Amino acid sequence: MAEFQLGGDLPVNRIGYGTMRLAAAPEPGFEPGMGHIWRAPTDRAAAVAVLRRAVELGANLIDTADSYGLGENEELVAEALHPYREDVVIATKIGVLRPSPTEWVPLGHPDYLRQQAELGLRRLKLDRIDLLQLHRIDPNYPLADQIGALARLVEEGKARHIGLSEATVEQLREAAAIAPIASVQNLYNLGDRHHEDVVDYAAAHGIAFIPFFPVAGGAHAGPDSPLAEVAAEVGATPAQVSLAWLLHRSPTLLPIPGTTSLAHLEENLAAGAVSLTPDQFERLSALAEVPAHA
């Protein structure tokens, strides 16, 4: 699998693993599919097995967050992978409150960010977090205060690199004027292309773009879709072709597909070997309307 130098000094394979799906099903009374991520998975042994298999197969960028399961997701990562292999890169996110199973509330108070980073270090059993990401920018606090809090953690040796999540190009520029920014994690896939300008900006500046929900779904992945046609042409699955398209789209794109299935995990990571011709890439690129940016 091809590598990328995260932050200029951390080699990671270009398909990683996102741990958000490693959570218990929604509690009774809540609709499924709302993304509660409120408690640790019921079958903890199965989740541990998936994490360990992901690393065995080469997914050495592992992404979590303090808000997944109120910290239980970070603890799960440590249970499965600590002591960490030398090549494993741990990324976590801070800056979101979870007052209830359905609420995700940005909180960028510098003291809160520092507290959550300290708790993440304990839960992950780390002396230094490889990639510490601001989960959401809080409009109630100056961005300089939020990035400054993360920068101080870097200065103290408690974080190695800083990342943002759901950020615009303007916010990336503003943040980069405060401290070096190694990554941005936004929603992006073959069917949802609202962050094309961020993808291009990241590529131009050597910033990792970590797309969450990287596998296209819905009509784009239907049995009669161009995605299915290209998958048949290259002898791969539609999910693999979705991921391969991302790898072809930009050299700094690092998809982190998540799954609780060992079979799907193996399928996703095998996408690194799927090659697309220029014609196939262009046919896939035409599937979604790309928004114009000023």
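Further up the page is the structure itself.
Residues numbered from 1 in each chain as written. Predicted model: local features only at pLDDT ≥ 70, side-chain atom pairs only at ≥ 80, totals over all residues. Heavy atoms only, no water.

Visitor: An account of the pairing of strand 2 (residues 10-13) is requested, with residue identities and associated values reported.
Guide: Across four bridges, strand 1 (residues 3-6) lies against strand 2 in antiparallel orientation. Among the inter-strand pairings, Leu-6 is bridged to a residue of strand 2, identified as Leu-10. The antiparallel pairing of strand 1 with strand 2 creates a hairpin that spans three residues between the two strands, and Gly-7 there sits at a positive phi of about 70 degrees. (Pairing = 2+ DSSP bridges. Helix = DSSP H or I, 4+ residues; strand = E, 2+ residues; numbered from the N terminus.)

Visitor: Tell me what's going on with the sheet that holds strand 10 (residues 183-185), and back it up with residues and numbers.
Guide: Pairing between the strands of a sheet is mediated by backbone hydrogen bonds and can be parallel or antiparallel. In spatial order, the strands read 3-4-5-8-9-10-11; together these seven strands make up an open sheet with parallel pairing. Of all strands in the sheet, those bounded by a partner on one side alone are strand 3 (17-18) and strand 11 (208-209). Where strand 5 (residues 89-94) meets strand 8 (residues 129-134), four bridges bridge the pair, whose relative direction is parallel. Of the residues in strand 8, the one forming a bridge with Ile-94 is Leu-134. The strands touched by helix 3 (residues 110-124) are strand 5 and strand 8; relative to strand 5, the strand with the most contacts, the crossing angle is about 145 degrees. (Contact = heavy atoms within 4.5 Å. Axes fitted to C-alpha atoms, helices over the stretch in contact; angles between N-to-C directions.)

Visitor: Can you break down the environment of Pro-226 residue by residue, with the values?
Guide: By the element assignment, Pro-226 lies in helix 7 (residues 226-234). Overall, Pro-226 belongs to the partly exposed group, its relative accessible area being 30%. Separated by 63 residues in sequence, Pro-226 and Glu-289 place their C-alpha atoms 15 Å apart. Sequence-distant contacts of Pro-226, that is, excluding residues within four places in its chain, are made with Leu-284 and Leu-287. (Buried < 20%, exposed > 50% of the residue type's maximum accessible area, 1.4 Å probe, protein only.)

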